[in-house]
Amino acid sequence: MLNDRLDRYCCGFTPDPAELCVENLLHTKCGNTKDLLLVHILVKKADPSKLVFIDNAGRPHQSIDNLNFRLLDGIDQFPETAVSVLQSGCLESLLLLSLYTDKEFWDSQGGASGLRPLIHTVESRGKILLQHIRDKKLQLKKDL
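Residues numbered from 1 in each chain as written. Predicted model: local features only at pLDDT ≥ 70, side-chain atom pairs only at ≥ 80, totals over all residues. Heavy atoms only, no water.

## Examining the environment of Asn 66
Mapping Asn 66 onto the fold places it in the loop between strand E2 (47-53) and strand E3 (77-79). Each C-alpha atom of the pair Asn 66 and Gly 12 lies 8.7 Å from the other, and the pair is 54 residues apart in sequence. Those residues in contact with Asn 66, other than ones at most four positions away along the chain, are Gly 12, Phe 13 and Thr 14. (Helix = DSSP H or I, 4+ residues; strand = E, 2+ residues; numbered from the N terminus. Contact = heavy atoms within 4.5 Å.)

This is the structure we're talking about:
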């Protein structure tokens, strides 16, 4: 069970008043970039440009109308390979292939048919991210 989220202060969306980040007055810190804190991410000491995401408390059912890009402020480039995967139309098959390797998770979610709604949400969010990258004219970084 996940008891925390990547964006502890709920800056990536407008939270419900019952959310812990609102009750604990953490959401008020979203206005000050110096106060923002992301959790559940490890940085490789040998290669600080590579991040490892160790937990997922995402909200896939969050309305698209309630999304914002606050967490992306200050990011001026994205990995070219990741963007090309989003653009390719192959994300669903790649995610299914990857998720299939964790048989326990695969079975607990009902296999491919159970995972498709979540994968379609990820694809939809990927398209929104691509539009954000285009709108902001952000650079793509060649992978090393």
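## Some details on the pattern of salt bridges
Scanning the model with the defined rule gives three salt bridges in all. Arg 116 is paired through a salt bridge with Glu 92; the nearest N and O atoms lie 2.7 Å apart. Note that Arg 116 is positioned in helix H5 (residues 111-135) and Glu 92 in helix H3 (residues 91-100), a separation of 24 residues in sequence. Taking the relative accessible area as the measure of exposure, Arg 116 reaches 32% and is therefore partly exposed. Across the salt bridge formed by Lys 103 and Asp 107, the nearest N and O atoms sit 3.4 Å from each other. On the criterion of helical spacing, the pair formed by Lys 103 and Asp 107 is a turn pair, its members being four residues apart in helix H4 (residues 103-108). (Salt bridge = Lys/Arg side-chain N within 4 Å of Asp/Glu carboxyl O. Buried < 20%, exposed > 50% of the residue type's maximum accessible area, 1.4 Å probe, protein only.)

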